[in-house]
Amino acid sequence: KSITLTNIPEFSEHGINTDRVATTSKGMHHEVGGWPKSVDPTEANDIRKEKKKREKALDFVDAQIKLLDSAGAQMRENNHIDLFEEYFDGEIPDQSTESLHTKSLRLFKDPKQRDSNSEKRIVSRISIIPEVPYRFAAAYAMPKFQKAPSTLPLESYVWDLNSPNEPTNTILPTSSIISLAFSTKFNDILAAGMYNGQVLFWDLRADKPQGQTPADIERIKYTDAEKSHYDSVFDVVWPNSKTGTECISVAPDGKVLWWDTRSLQQGPVTSAILTDGSAGDRVIGATRIDNSTEVSQKCLVGTEQGYVMQVTRKQGTKGEVSSRFGMEGGKHHGPIFAIQRNPAAGAGKFFLTVGDLSLIHI
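Since the structure is predicted, the reported quantities are computational estimates derived from the model, not experimental observations. (Residues numbered from 1 in each chain as written. Predicted model: local features only at pLDDT ≥ 70, side-chain atom pairs only at ≥ 80, totals over all residues. Heavy atoms only, no water.)

Asker: Talk me through the overall build of the chain; I want residue IDs and the actual numbers.
Answerer: The helix and strand inventory of the chain stands at two helices and 19 strands. If you take every contact in the chain between residues at least 6 apart in sequence, the share linking residues at least 24 apart comes to 45%. Carbon and sulfur atoms make up 52% of the accessible area of the chain, which amounts to about 25,100 Å² in all. (Helix = DSSP H or I, 4+ residues; strand = E, 2+ residues; numbered from the N terminus. Contact = heavy atoms within 4.5 Å. Areas by Shrake-Rupley, 256 points an atom, 1.4 Å probe, with all protein chains shown as cover.)

Following this line, the structure appears as structure tokens:
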């Protein structure tokens, strides 16, 4: 009789799946709401008036107190949490981060520089169409205008990100374009500051195929040369206005000019002269301007000397310098190349400037 013995353990295997839960994703697009019918949410002036009206209401303070009580409880709860607590003693935190890198997706070449022997131009300014983010305008010029040859091309272009081989529109001015900006209300209108001191207004609707262009559309308009700047227009902006036809330009001649596209030949609507406020009122040249929709009546102007001027203009009055920043210290030691207010609501008093030696001031 034989007996078979084994020491191999026996295993059992079981598989199980959890019950499937059906999930769906739902969303909603909330653009704007909560305003009375009499308020146009696209007009900053109407919104500002409605806010002031609500703030003066008798129940406004009580509503604020109730909101503060609920917010205070959440803040006290967060204060009990130590965000920087070390859970494991002796652990060395790893501060390594991924190396930053960029890559080129599309290349938009100047059509006038495809020949290696042609004059080299730089892109002096780019402006994106507000409601059409895949289209933008680029201004082409030479850094040293005094050395520009007579054969230098003057064209600037409007490009489409989906077709980088050829521009969609060609802008042919009488002088090189230094700065440009699309209207925030009429996306087909482009304002451009030129080297000769004039401001150009180009209507893209005039470039549509024949039969699709309204009869009253003018392709191009210029400001009167005698009533324009005496130096190159370094920056142009479209302020917030009900008509959407006003434009502001600045130049190193120290002038801030307000234009109305409906009456360009009559000269600027109003103007302001940038001075240092000294006894001699020395004129200071302008390089950049920022006009926020939150404070449309006040413009911040960056200057060649590194100062920042706040120019205030009320309806029907002439612009004047209301504040000067950097006169007693903290100014840039060279021209200001960029200036922008804080876009957050209620934080318009803070602004950022970029100047010499890669310095950024707030």
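Asker: Break down the pattern of salt bridges for me, with residues and values.
Answerer: Under the definition given, this model contains seven salt bridges. Between Asp235 and Arg125 there is a salt bridge, and its shortest N-O distance comes to 2.9 Å. One end of the pair, Asp235, is in strand 9 (residues 235–237); the other, Arg125, is in strand 1 (residues 122–128), with 110 residues separating them in the sequence. In terms of burial, Asp235 and Arg125 fall into one category: buried. (Salt bridge = Lys/Arg side-chain N within 4 Å of Asp/Glu carboxyl O. Buried < 20%, exposed > 50% of the residue type's maximum accessible area, 1.4 Å probe, protein only.)

Asker: Got a sec to walk through the sheet that holds strand 4 (residues 169–171)? Specific residues and values, please.
Answerer: Judged by pairing direction, the sheet is antiparallel, and its four strands sit side by side in the order 1-2-3-4 without closing on themselves. Looking at the sheet topology across the chains shown, the edges are occupied by strand 1 and strand 4. On average, each strand axis in the sheet is inclined to that of its neighbour by 25°, with strand direction left out of account. With four bridges connecting them, strand 2 (residues 135–141) and strand 3 (residues 156–160) associate as antiparallel partners. Bridge pairing in strand 3 links Ala137 to Val158. (Pairing = 2+ DSSP bridges. Axes fitted to C-alpha atoms, helices over the stretch in contact; angles between N-to-C directions.)

Asker: Can you explain the sheet that holds strand 10 (residues 246–250)? Please cite residues and give values.
Answerer: Spatially, the four strands line up as an open sheet ordered 9-10-11-12, and their pairing is antiparallel. The sheet terminates laterally at strand 9 and strand 12 (270–273), the two strands that pair on one side only. Taken pair by pair, the neighbouring strands of this sheet meet at an average axis angle of 15°, ignoring direction. Across five bridges, the pairing between strand 10 and strand 11 (residues 255–260) is antiparallel. Across the sheet, the residue bridging to Glu246 is Asp260, located in strand 11.

Asker: Describe the side chain of Asp110, naming the residues involved and giving the relevant values.
Answerer: Topologically, Asp110 is positioned in the loop between helix 2 (60–79) and strand 1. Setting aside chain neighbours within four positions, we find Asp110 in contact with Arg121, Tyr140 and Tyr157.

Asker: Describe the packing of aromatic side chains, and please don't skip the residues or the numbers.
Answerer: In the structure shown here, the tally under the stated rule is six aromatic pairs. Residues Phe108 and Trp159 carry aromatic rings whose centres are separated by 5.4 Å and whose planes lie at 70° to one another, so their mutual orientation is edge-to-face. Here the residue Phe108 occupies a position in the loop between helix 2 and strand 1, and Trp159 occupies one in strand 3, the gap between them amounting to 51 residues. Among the aromatic residues, those joined into a cluster by ring pairs are Phe108, Phe136, Tyr140, Tyr157 and Trp159. (Phe/Tyr/Trp six-rings, centres within 6.5 Å; stacked < 30°, edge-to-face > 60°.)

Asker: Before we move on, could you go through a nonpolar patch on the surface and cite the residues and values that matter?
Answerer: A contiguous nonpolar surface patch, about 280 Å² in accessible area, is contributed by Val123, Ile126 and Ile128. Structurally, Val123 can be placed in strand 1. Since its relative accessible area comes to 43%, Val123 is described here as partly exposed. (Patch = residues over 30% accessible without salt bridge, like charges linked within 9 Å, V, L, I, M, F, W, Y side chains within 5 Å.)

Asker: Quick one: what's the story with the pairing of strand 5 (residues 177–182), residue by residue and with numbers?
Answerer: Taken residue by residue, a regular strand's side chains alternate between the two faces of the sheet. Among the six residues of strand 5, six are classified as buried, and the element is accordingly described as predominantly covered. By the bridge criterion, five bridges tie strand 5 to strand 6 (residues 189–194) in an arrangement that is antiparallel. If you follow Ser179 over to strand 6, its bridge partner there is Gly193.

Asker: Describe the environment of Asn169, naming the residues involved and giving the relevant values.
Answerer: You can see Asn169 is positioned in strand 4. Owing to a relative accessible area of 8%, Asn169 belongs among the buried residues under this scheme. In this structure the C-alpha to C-alpha distance between Asn169 and Ser156, which are 13 residues apart in sequence, comes to 8.6 Å. Of the polar contacts made by the side chain of Asn169, one reaches the side chain of Thr168; its length is 3.0 Å. (Polar contact = N/O pair within 3.5 Å; in protein donor to acceptor, adjacent residues only side chain to side chain.)

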